[in-house]
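# Inside the fold
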Amino acid sequence: MGGKPKLNTTRTALFPILGLGFIVLVIIAIVREDRQEWKVYQRAYVENLAGLLESSLKNSLPESEVRGRVSAVRNQPLRIKEIRPPITGKIERCLTCHEGIEEISPSHPVDSFGCVSCHGGDGLGVTVEIAHRGLIGGRNPSDLAVIDQTCAKPGGQCHAGRKMDFQNSADRVRKGIMATMSGVIASLRYSWDAQPVADALYGSVGVKGPMPTGPGQTTLLTIPLMSLVQGVPLRDALGQPLIISGQPADDQWRKFCARCHVWSAREEGPSAHSSGCAACHALYNANATYEGFDPTLPKNKPGYARQHHLTTTIPVDQCLRCHNRSGRIGLSYAGLQEADGYGTPYKAGRPNLGPLSGERDARRLVPDIHFEKGMACIDCHNGNEIMGNGYIYSHMRDQVEIRCIDCHGAPGKPPRTKILRPQEEEALWKAKVLKMPDMIAEEVGITERGTPILNLRKEGDKLVLRSKLDQKDHVCPVISDDKYHRIPGHGPSRMECSSCHSRWVPQCYGCHDYRQRGEAMHDSMLKMRSDGAWKETRDYYRYEKPTLGINARGRVAVTVPGCQVVYTELGAGGRPLPGLEQKVFTGPGFDHGIVSTPISPHTTRTEVRPCEECHADPKVLGIGQGLFQAGKSWDENSFTPLLKPGVNPLGFAWESLASPKGAPLASTTHPGARPFNAEELKRILNVAPCLPCHGKYDDPIWANPGDAFIRAKLPGHQRKVARFLKGEK
Amino acid sequence: MRRLSLAILAAACLLVTAAGVARASSCLTCHPGAGKMSESHPLSCVECHGGNPDDSTQTGAHEGMRANPSDMTNPAFACGRCHEDQARRVNRTLMSTMAGIISQTRFLLGAQKDVEARYAVREIDNLRMLHKGDDSGPLADDLLRRRCLRCHLGAVGNTGIQGAGRSGPTAAGCAACHVLNEKIGMAPDQRASQPPGARGMPSPHRLTTAVPTTQCLQCHNGNRVGADYAGLFERDHSLFYNFEASDPEIAPHLMKHSYHYLLPDIHQERGMHCIDCHPVEELMGEGRIHSQAQEQVGVRCQDCHGLPGKPPRTRRVEASDSRALRAAKANGRYGLQVGSNVIVTSGGHLLTNTVEKAGNFLLASKVDGKVHKIPVLGRELPGKEPLNHRIPGHMDKMECTACHAAWTYQDMGLHLVRQDSPDYEPWTWLTRQGDPQAREILETNLFKRREQWSPPSSRDWLTGFSKIGVWLGGYSMRRWEGRVLGLNSRGRVSAMRPHYQYWLSWVDTRGQAVLDSVIPQTGDGRQAVAWNPYAPHTVRPQTVDCWDCHGNTRALGLGQTLVRAKDGQTVGLGRSRDDGLGIDFDLDRVIDEKARPLQITSRTGAGFLTEEHLERMSARNPLYIRYLLEFFKGKEAWGDPAGFTGPKK
């Protein structure tokens, strides 16, 4: 009995408490329901949409009507959005949160592809946690590390495993030079005495493929580690084994060079880019921020493509995100030269070191004429060159096939063309990918290797290039019949066009590399810090008077320092280690590490250098910047460099490729490339005395210089000269 | 107990000793190494330094003492008691007044209407003291006081910043030149090993008249005449361009700034020093106020080397040249005798270290006594001179350096910002400012966390007091290659240098840019983008090539241009407007094709090449071609056009 009233009391107290609890729970549930991630995002999207609608209608409709329409949008109920893309046949709810995201491209319509076929994840989830479980490659399914599950999915019939090899672009890209960086690695390792040959043995990530030179497969191994890194398995991004080399070259590549290639992304700054296919095909704005409509993506955080959109019309500034170091040909093309680091003129009193990554400033010089006319990189460089053609190349110059003469012709040889027939499957397929109109029976240009240049077509007797970016037509000047390119020895069989047509080229003289032991720095391949912090200083930077030499094709070409490395390894307290101070690499198989290399400057102008600039200037001829004195006999020639050569441990001036007598001094990483030899120097210098009177390229004597030199010796000409020397007219 | 008694004993001994020292009244007790100042100065310490020799304590003995009795700005200036005349003269030289730098800078920055000297670092004769550096005066004066006037004979030294107060730890006054700091050399960063507190004390307490080039470089450094004589060219400021090596022979430093080693002047290479060419009248002055260095300097190349057919002008030394004779005796490294013939400079001064002997002209270095035989053009008979000296117009219309200078200083685009707010981050890579004070301010702050940054405060070199703000700067580009020619105030073709092409900014204490990369207006209303003629001290026996000037657009002042073959149209290589410079010409383009000036000169009587020059110096001028062919003659590399052997088959 005594317990009953107690019970009653408890009950009476329990009801209101329970009731209150129930109400609280309901409120919590409502609030939580309302604050569900997808609702927050959808509301943000709707709000965004409403705002847009309002501002677009504001001026054309009466206010009340605008208000009505906008509130209709605002008031539409929030709901789970589902699609069932035919490719997977499974329900996806991704757009519930990501509503408003741009369609990735017309070739990848969301209605057919959905999201999961590329991105993976759990299509049924409506929370980040569940939906993003099993996402492939984070935000970027085109990253080369995961591409086998996405763009290159076996059996996916997408960009790999298809019938015709040229359709398997994902395979090609992985073998291409932008992914392997085999050339950079090979040249670096070769000139740092880490390997005995200048051809490629390693890639950024190991890859197998055919060699262009013969049958069979070749293998590039993954670039080694200099030393063991604690706690890191000796595996690369694909799980392939890594070796330990002990070579500083490998460490330097991983810390510096590896920041830019298709395997790695860069979040911030002027060089920000995605990895994989998106590295080129997803465009970035200047701040690397997202500008699109997906409400889940931040608008002011760097590291995002401009939109969720892939394109094949890639503008120059996208290419410049990577092609702004080393030869800097991307910058040069756009008329930008890396300046001397002062950041002047100041902006609001602050040095302006923003324009290029790594706090580098830029100076504007005359750009390449093609850039000036509005052409982009991809207007000259075709897919084979950019994405690779399935072969493994050692060097960029091997993968590139376009030449000036392909469009402009050579003296007596107009550019070659070809009429596209239905059996040209590759060309026609590419034209289709590039959204070009029906190309069958079109007459188009072809490269030396025979690849059709799809955007260069014959119209009547003219060659017309259509820019891939703006569809603008450019009539291509053909030089085969003009009077300007007739001088023997100056044709494209002997000289690269750029020898005369490039008036400036970036020249970075004297590179001092320091590696601090015991200090860590980010390894862009391991994506973590490892021992060895690098610092690099240069002696001076120039753009004037490009130097000439002979390139790997045996032609006269612009030659730049690249790289002239003096290496110092620092130990405790920043003190140089014995034997490793001011070291120049030398080794079997190559001369030394003070390297100059031929380059294609990409500063083409119709205006050419004056004859004297090459035929009489010691710097241009590779003798050096300084005082050249021609002796009575060739062996009495002398040269005094302006810069005391002590800063180069090998004792020659940075601009010098050869001695004033023609003995080679600089080394090179391009097999076959070299400075001018004595015979060539003589031939070139010997022209100088003719130039005062015969200094125009259309002077009749240059139709046959050999003959002219003989006639110069004849009494008639001798008398003329003698009269001149006496001061008579 | 034993210890205590020992201590008492020791104290007693000390007291007795101290008392003895005091009685001996000798400064040398504490300064045993001070030694005699020079043979000509057999003086007691007190005669120059003052102080109280009867006191044995440091404070007592040093009461009323002056560390540097040669400081002319000090009321207790001691040297003047004997050297009244020298002091009077030195006080009026440009090294003391800085009137040249002041008037040029003030004119270019629009603070005065012409370049005539009106101001000096202190009041003297008709020159007034430069306005106070407060913001009521022109900005130019603040720039001068806090950046430029660091180097002059009376600068406030011993700032505690190593290398500030003048460039180096040299003293003020007479001692600035005559007391050497032997630790200062071509690679003076070895000075870092000096014990702390050394603060620019002269290492030997000694006066000398054998002043070596290294001493002159304490002030005459940076990319200015002086440093070029030693082949020094300041490296670009950015840390990306600074080179570290333990060997000073390949990585020279001056005032902690690193330099390139370029080809030095042949005179330096042969062992000659600044004072071997520049006589005392040019260095210590003649007592007159000058506006520009060119007025104070009277020595010319031809004074020693003559002209074709004209040997150097000499004069017999008379007993009345007593000052010169006394100076020679005091120096002791060169002999000057009554009756001998010595060279006279164009300025009318004796080069007392030269002598004509049996038709030869000899020069003895005032620093090491080494005798040099002077190559004289006077023996070149008319018509037999070397080709370049025979060409009409070359000898009478050009400075020798127009051809003989191997390289020139071309610091294009001088960008200066007065930064009054603590915003150091953008200067992280640019702490090497070529100015020890600016560098110290940047480095000190950048070393700290941002929250601890203090507003910049820099010293006024005339008052020694600091105030808010610091002048920071940089360039558009610095080059040594090639040359740009113009006309100097003697009307001769001369090498030019950008001097200066100003872009000014000023950020106030709130961080607002009051001035944002503005080109100042000169006193006569033109853009202060200036090139001026100068005398590069990079002389080499071998000249540059004919085509380095003739037909060379850059040398002629047209800049680097591209010439279109079809129509002769020229295109500049640069794009200054797009670079944000606010001008439509390249920095090395001083005139247009019609020789109309695009930039200015601020030297009285100087100018750029004229249309007539452009025509005559064209590569197609028949007279030029005639001599050019002669130049090529007899040299295999140039195809030996006399024989026209042509290229070998």
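Residues numbered from 1 in each chain as written. Chains lettered and ligands numbered in written order. Predicted model: local features only at pLDDT ≥ 70, side-chain atom pairs only at ≥ 80, totals over all residues.

### Observations regarding the overall build of chain B
A tally of regular secondary structure across chain B gives 22 helices and 22 strands. Counting all 649 residues of chain B, 47% fall into the buried class. (Helix = DSSP H or I, 4+ residues; strand = E, 2+ residues; numbered from the N terminus. Buried ≥ 20, exposed ≤ 12 C-beta atoms within 10 Å, placed from the backbone.)

### Some points on the overall build of chain A
Across its full length, chain A carries 26 helices and 17 strands. Projecting the C-alpha coordinates of chain A onto the three principal axes gives extents of approximately 145 × 70 × 60 Å. Taken across its 729 residues, chain A has 45% of its residues classed as buried. Here the contacts in chain A between residues at least 6 apart in sequence split such that 60% fall between residues at least 24 apart. (Contact = placed C-beta atoms within 7 Å.)

### Considerations on the sheet that holds strand E10 (residues 360–364) of chain B
All names here are of chain B. In spatial order, the strands read E9-E10-E11; together these 3 strands make up an open sheet with antiparallel pairing. Bordering the open sheet on either side are strand E9 (354–357) and strand E11 (371–373), each of which pairs with just one other strand. Strand-to-strand, the axes of this sheet are offset by a mean angle of 30 degrees, without reference to chain direction. Where E9 meets E10, 4 bridges bridge the pair, whose relative direction is antiparallel. Within E10, the residue paired with Val-355 across the bridge is Leu-362. (Pairing = 2+ DSSP bridges. Axes fitted to C-alpha atoms, helices over the stretch in contact; angles between N-to-C directions.)

### So, the environment of Asp-523 of chain A
Residues and elements named next belong to chain A. Considering the arrangement of structural elements, one finds Asp-523 in strand E11 (residues 507–523). On the neighbour-count criterion, Asp-523 (21 C-beta atoms within 10 Å) is buried. Filtering out sequence-adjacent residues up to four positions away, Asp-523 remains in contact with Arg-254, Lys-255, Met-528, Arg-529 and Ser-530.

### Quick word on the pairing of strand E2 (residues 207–210) of chain A
Residues in a regular strand project their side chains so that they alternate between the two faces of the sheet. All names here are of chain A. The pairing of E2 with strand E3 (residues 217–222) spans 4 bridges and is classified as antiparallel. Residue pairing for E3: Val-207 is matched across the bridge by Leu-220. Taking the residues between adjacent antiparallel strands as the criterion, E2 and E3 are bridged by 6 residues, where Gly-216 takes a positive phi near 90 degrees.

### A word on the interface of chain B and chain A
Listed as interface residues are 73 residues of chain B and, on the opposing side, 68 residues of chain A. Looking at the side of chain B that touches chain A, the elements with two or more residues in it are strand E5 (257–261), strand E12 (410–419), strand E15 (470–479), strand E17 (493–507), strand E18 (513–518), strand E20 (561–563) and helix H22 (622–632) of chain B. Residue composition of the side of chain B that touches chain A, grouped by class: 39 nonpolar, 19 polar and 15 charged. (Nonpolar A, V, L, I, M, F, W, Y, C, P; charged D, E, K, R; others polar.)

### Thoughts on helix H6 (residues 99–108) of chain B
Residues and elements named next belong to chain B. Of all 10 residues in H6, 8 are buried; the element is thus mostly enclosed. Looking only at H6, the buried set comprises Ala-99, Ile-102, Ser-103, Gln-104, Thr-105, Arg-106, Phe-107 and Leu-108. Where H6 is buried, its residues touch helix H5 (94–97), strand E1 (119–120), helix H7 (139–146), E17 and strand E19 (529–533). Once H6 finishes, Gly-110 follows within two positions and takes phi at roughly 80 degrees, a positive value.

### Remarks on the nonpolar core
Core analysis: the biggest nonpolar cluster contains 241 residues, and Ile-185 of chain A together with Ala-99, Leu-262, Leu-485 and Tyr-502 of chain B have the highest contact counts within it. Looking at this core element by element, the count peaks at 9 residues for E17 of chain B. When residues no more than four places from it in sequence are discounted, the contact partners of Leu-485 of chain B are Ala-402, Val-493, Ser-494, Ala-495, Met-496, Cys-549, Ala-555, Leu-556, Gly-557 and Leu-609 of chain B. If you look at the next biggest cluster of nonpolar residues, it comprises 13 residues, including Ala-328, Tyr-334, Leu-351 and Ala-364 of chain B. (Core = buried A, V, L, I, M, F, W, Y, C linked by C-beta atoms within 7 Å.)

### Notes on H22 of chain B
Among all positions of H22 of chain B, only Tyr-624, Ile-625, Tyr-627, Leu-628, Leu-629 and Phe-632 of chain B are buried. Buried residues along H22 of chain B sit in contact with helix H24 (691–694) and helix H26 (715–726) of chain A together with helix H16 (387–390) of chain B. Positive backbone phi, at 75 degrees, marks Gly-634 of chain B, one or two positions downstream of H22 of chain B.

### Some remarks on the environment of Met-436 of chain A
Residues and elements named next belong to chain A. As for its position among the elements, Met-436 is in the loop between helix H20 (425–433) and strand E7 (443–446). Through-space distance from the C-alpha of Met-436 to that of Gly-89 is 32 Å; in sequence the pair is 347 residues apart. With residues near it in sequence (within four places) discarded, Met-436 still touches Ala-431 and Leu-454.

### Let's talk about the sheet that holds strand E6 (residues 314–316) of chain B
Residue and element names in this part refer to chain B. An order of E6-E7-E8 is seen for the 3 strands of this open sheet, with the pairing classed as antiparallel. Edge positions in the sheet fall to E6 and strand E8 (350–351), since each of these pairs with one other strand and no more. Taken together, the 2 bridges between strand E7 (residues 341–344) and E8 define a ladder with antiparallel strand orientation. Bridged to Ile-343 within E8 is Leu-351.

### Things to note about unusual backbone geometry
Residues and elements named next belong to chain A. Along the chain, Thr-344 connects to Pro-345 via a cis peptide bond; the corresponding omega equals -10 degrees. As for its placement among the helices and strands, Pro-345 is situated in the loop between strand E4 (336–338) and strand E5 (362–364). Gly-562 connects to Cys-563 through a cis peptide bond whose omega is -10 degrees. Relative to the elements of secondary structure, Cys-563 occurs in strand E14 (residues 556–570).

### Points about the confidence of the model for chain B
Residue and element names in this part refer to chain B. When pLDDT is averaged across chain B, the result is 86; 88% of the residues are at 70 or more. A low-confidence stretch, residues 644–649 stays under pLDDT 50, and its non-local contacts, those more than four residues away or across chains, total 15 contacts. ipTM for the predicted complex: 0.91, alongside a pTM of 0.91. (pLDDT = per-residue confidence, 0-100.)

### A short note on the pairing of E17 of chain B
Residues and elements named next belong to chain B. The buried fraction of E17 is high, at 15 of 15 residues. Note that E12 and E17 share 6 bridges and pair parallel. Its bridge partner being in E17, Leu-416 is matched across the sheet by Leu-504. Counted along the chain from strand E16 (residues 485–487) to the antiparallel partner E17, the turn is 5 residues long, and its residue Gly-491 has a positive phi close to 80 degrees. Summarising the sheet, E17 and E19 pair through 4 bridges and their orientation is antiparallel. In the strand pairing of E19, Pro-498 is matched with Trp-531. In the sheet, E17 pairs with E18 via 3 bridges, with the strands oriented antiparallel. Residue pairing for E18: Val-507 is matched across the bridge by Ala-513. Hairpin connection between E17 and E18: a loop of 5 residues separates the two successive antiparallel strands, and Gly-511 in this loop has a positive phi of roughly 90 degrees.

### Some remarks on the environment of Gly-60 of chain B
Residues and elements named next belong to chain B. With respect to the secondary-structure elements, Gly-60 resides in helix H3 (residues 58–61). Sequence separation of Gly-60 and Ser-505 is 445 residues, and the distance between their C-alpha atoms is 50 Å. Apart from residues lying up to four places away in sequence, Gly-60 is in contact with Asn-52 and Asp-55.

### Comments concerning the packing of H26 of chain A against H22 of chain B
Between H26 of chain A and H22 of chain B, whose axes approach to 8 Å, the crossing angle comes to 110 degrees. What the angle tells us is that H26 of chain A and H22 of chain B run roughly perpendicular. Here Val-721, Phe-724 and Leu-725 of chain A of H26 of chain A lie close against H22 of chain B, whose contacting residues are Ile-625, Arg-626, Leu-629 and Glu-630 of chain B. In terms of residue class, the contact of H26 of chain A with H22 of chain B is built from 5 nonpolar, no polar and 2 charged. (Parallel < 35°, antiparallel > 145°, perpendicular 65-115°, else oblique.)

### Quick notes on the packing of helix H2 (residues 37–57) of chain A against helix H3 (residues 63–75) of chain A
Residue and element names in this part refer to chain A. Where H2 meets H3, the axes come as close as 9 Å, and the angle between the chain directions of the two elements is 165 degrees. The angle between H2 and H3 falls in the class roughly antiparallel. Crossing handedness for the pair H2 and H3: right-handed. Seen from H2, the contacting residues are Val-46, Leu-49, Ala-50, Leu-53, Glu-54 and Leu-57; seen from H3, they are Val-66, Arg-69, Val-70, Val-73 and Arg-74. Looking at the contact of H2 with H3 residue by residue, the classes come out as 8 nonpolar, no polar and 3 charged. (Left-handed = near helix turned anticlockwise from the far one by under 90°.)

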